[in-house]
Each structure stands twice: as C-alpha cells, then as structure tokens.
Amino acid sequence: MPIVVRLDVMLARRKVRSRELAAYVGITEANLSLLKSGHVKGIRFATLAAICKHLDCQPGDLLEFVDTDEV
Amino acid sequence: MERAQWSGAPTVRRVRRVVQVLGISLVALYLAMWLRPPNPVVEVLRAGPGGNPWVEAAMLIGAMGLFAALLQLERVLGALERGFPFTREIVTGFYRFAALASGSMFIVVAAPTLGSLTSLVPHGVAITLRMIDVLLLVICLSFFAVAALIAEAVRIDRDNRSIV
C-alpha cells in the first residue's frame, strides 16, 4: 500500500494514548490499532476529521504517500 | 471486529418453521405414497397405475433432492437466525440449496419424458412439460442469482468493515 499511516508518530508527539483517542473518535481500540498498523482499506472523513481535531494536526501529518515503484 | 446484530431474525425464524413443516410434510407424503399405494391421489403422483419404475425412481430421487434442498435451506435460515446475514457460510449454503432445488426440479420435469423413453410399449418419444414444473424450475434457477447477490453483499460487508 503506497499510503503509509503516521498516526503512531503523531500520538507520540502529542503524548496522547490510543485509548483516549479511540474514545474521542468513537471507534474501538482494535480498529484504531488496525488503522495505526495500516491494515485497513480506508478511513472515513469523519474519523479523519475527529483524529485531526483531537491531535491538532492536518491529514497530511497522518498520511504519507510513498511511491513503491521507485523503491 | 465488532458487528451489529441484524433485525430480520424474527421473520427468518417464522420462515424457518415453515420450511421445517414443508420438509416433514414432504417426507410424510412420500412415506404415505409408498406405504399406502391404493390411494387414488397417490396413484396420480406415482405416474399412473402400473407406473414405470424409471419414472418412479426419478420422482423418488427428485423428492429426496427436494428434501435435501429444504434441509440445506433450513440450515441457512438457522445461521441467519443466529446472527449475521453476510457470511461465507450463508453464501455456500444458499448455492447448495439452489443446486439441489434446481437439480431436483429438473429431474421432476424430465421424469415424464424419461417415462416415454423407457416405456415397454413401442411408440414415439413424447416430451412432456408441465408449465407449473417449468416455472418452478426457473424459480429454483433464480436462486443462483440470489446466492450471487449475497456473495456480493458479503464482499461489500467485508470491505465496509475494513474502513474505519
């Protein structure tokens, strides 16, 4: 998957626990863990917006495009 | 992954009861047919007096297939009643039901023609089709389309659950 999720980095920077973020966003910790590890096919705009609001960041801080063809 | 219970369980429970009654009735009908041959209604079902054994065998195989199809449908409905409508178990079960029902109906539809082919009296082959049987066969075949739709629903459900 060329889209890499950098959520764990932002969580560490903001010193926010996964449990707290999951509770704020309204998803399970299991789903947040899947999102952090990149094992999801997509993310809803509502979820992304809630994460950005809680972590005070932009979607670009959480998602990164890595061109796998150039590697 | 967490999944919500679906709301159709009470309806499925009622349909399941109907299927159970139909299956038991089918077995009872055929037992009555073989145990009490003088019954005139039974004689009609047995392809006429002194019926052709090939036709009788075909009708019996058809009835057994229909019973197996009902059994399969009962299992599918049982799985539906327990919880989640979009699972691989339900898809494979529904495909099996469609195959068994269609196969049985095909045998039932073909039985009179088979009787004509295997008749001891020399005459031309008569292809006999009853409209109601053909209609039932088409309905049974349409269950394949329903199974394909459920398979697509399973795929969409799986995709949807992997979006957070």
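Each residue is numbered by its place in its chain's sequence as written, counting from 1. Here every chain gets a letter starting at A, and every ligand a number starting at 1, in the order they are written. For a predicted model such as this one, the threshold for reporting local features is a pLDDT of at least 70, and the threshold for listing and counting side-chain atom pairs is 80 or more; totals across whole chains, interfaces and linings nevertheless cover every residue.

Colleague: Just give me the short version of the overall build of chain A, but keep the residues and values in it.
Modeller: Strands here are runs of E lasting at least two residues and helices are runs of H or I lasting at least four, both read from the DSSP assignment and numbered beginning at the N terminus. Scanning chain A from N- to C-terminus turns up five helices and two strands. The linear arrangement of helices and strands in chain A, starting from the amino end, is β-α-α-α-α-α-β. With 71 residues in all, chain A has 14% of them scored as buried. Expressed as a percentage of contacts within chain A between residues at least 6 apart in sequence, the contacts between residues at least 24 apart total 67%. Three exposure classes are used. Buried residues have 20 or more other C-beta atoms within 10 Å of their own C-beta, exposed residues have 12 or fewer, and partly exposed residues fall in between, all C-beta atoms being placed from the backbone. Working definition of a contact: two residues with C-beta atoms, positioned from the backbone, lying within 7 Å.

Colleague: Kindly report on the overall build of chain B, identifying the contributing residues and their values.
Modeller: Along its length, chain B carries five helices and zero strands. Ordering the α and β elements of chain B from the N terminus gives α-α-α-α-α. Counting only residues that meet the buried cut, chain B has 22% of its 164 residues in that class. A separation of at least 24 residues holds for 78% of the contacts in chain B among residues at least 6 apart in sequence.

Colleague: Give a description of the nonpolar core that names residues and reports values.
Modeller: Ala 69, Leu 73, Val 76, Phe 94, Phe 97 and Ala 101 of chain B are the most contacted members of the largest nonpolar core, which totals 26 residues. Looking at this core, the elements with two or more residues in it are α3 (53-82), α4 (88-117) and α5 (131-161) of chain B. Those residues in contact with Ala 69 of chain B that sit more than four places away from it in its chain are Phe 97, Leu 100, Ala 101 and Ser 104 of chain B. Ranked by size, the runner-up nonpolar core spans ten residues in total, among them Leu 7, Ile 27, Ile 51 and Leu 62 of chain A. Note on definitions: a nonpolar core is a set of buried residues drawn from Ala, Val, Leu, Ile, Met, Phe, Trp, Tyr and Cys, linked by C-beta atoms within 7 Å.

Colleague: I'd like a description of the packing of helix α2 (residues 18-25) of chain A against helix α3 (residues 29-37) of chain A, backed by residues and values.
Modeller: All names here are of chain A. Their axes nearest at 9 Å, the elements α2 and α3 cross at an angle of 110 degrees. Here α2 is positioned roughly perpendicular relative to α3, judged by the angle of their axes. Seen from α2, the contacting residues are Ser 18, Arg 19, Leu 21 and Ala 22; seen from α3, they are Glu 29, Leu 32 and Ser 33. Classification used: nonpolar for Ala, Val, Leu, Ile, Met, Phe, Trp, Tyr, Cys and Pro, charged for Asp, Glu, Lys and Arg, polar for all others including Gly. Within the contact of α2 with α3, the residues separate by chemical class into three nonpolar, two polar and two charged. Whenever a helix is involved, its axis is fitted only over the stretch in contact; in every case the axis is a line through C-alpha atoms, and angles between N-to-C directions fall within 0 to 180 degrees. Every angle not falling under 35 degrees, over 145, or within 65 to 115 is termed oblique; those three ranges are roughly parallel, roughly antiparallel and roughly perpendicular.

Colleague: A description of the interface of chain B and chain A should follow, citing residues and the corresponding values.
Modeller: At the interface, five residues of chain B touch eleven residues of chain A. Class assignment of the residues belonging to the side of chain B that touches chain A gives a composition of two nonpolar, one polar and two charged.

Colleague: Summarise the confidence of the model for chain B; cite the residues concerned and give the values.
Modeller: Residues and elements named next belong to chain B. For every residue, the predictor reports its confidence as pLDDT, a number between 0 and 100. Averaged over all residues, the pLDDT of chain B equals 82, while 82% of them reach at least 70. Per-element averaging of pLDDT across chain B places helix α2 (residues 40-45) at the bottom with 52 and α5 at the top with 90. Of the two predicted TM-score estimates for the complex, the pTM is 0.70 and the ipTM is 0.75.

Colleague: Describe the packing of α4 of chain B against α5 of chain B, and please don't skip the residues or the numbers.
Modeller: All names here are of chain B. Between α4 and α5, the shortest axis-to-axis distance is 9 Å and the interhelical angle comes to 165 degrees. Taken together, the axes of α4 and α5 lie roughly antiparallel to each other. When the axes of α4 and α5 are compared, the crossing they make is left-handed. Taken together, the residues of the contact of α4 with α5 sort by class into 23 nonpolar, one polar and two charged. If you view the pair so one helix is near and one far, a crossing is left-handed when the near helix is turned anticlockwise from the far one by less than a right angle, and right-handed when it is turned clockwise.

Colleague: Please set out the confidence of the model for chain A residue by residue, giving values where relevant.
Modeller: Here chain A averages 92 in pLDDT, and 97% of its residues register 70 or above. Averaged pLDDT values for the elements of chain A fall to 92 in strand β1 (residues 3-5) of chain A and rise to 96 in helix α4 (residues 45-55) of chain A.

Colleague: Quick rundown of α4 of chain B? Include the residues and the values.
Modeller: Each residue after the first adds 1.5 Å to the expected span of a helix. Compared with the 44 Å implied by 1.5 Å per residue over 30 residues, the 42 Å span of α4 of chain B between its first and last C-alpha is a close match. Considering bend angle alone, the principal kink of α4 of chain B is centred on Ala 111 of chain B and spans about 45 degrees; proline Pro 112 of chain B follows within four residues of it. A residue's bend is simply the angle between two axes: one fitted to the seven residues ending at it, one to the seven starting at it.

Colleague: Any chance you could break down the environment of Asp 69 of chain A for me, citing the residues and the numbers?
Modeller: Along the chain, Asp 69 of chain A falls in the segment after β2 (63-65). Taking the C-alpha atoms as reference points, Asp 69 of chain A and Pro 2 of chain A, 67 residues apart in sequence, are found 9.2 Å from one another.

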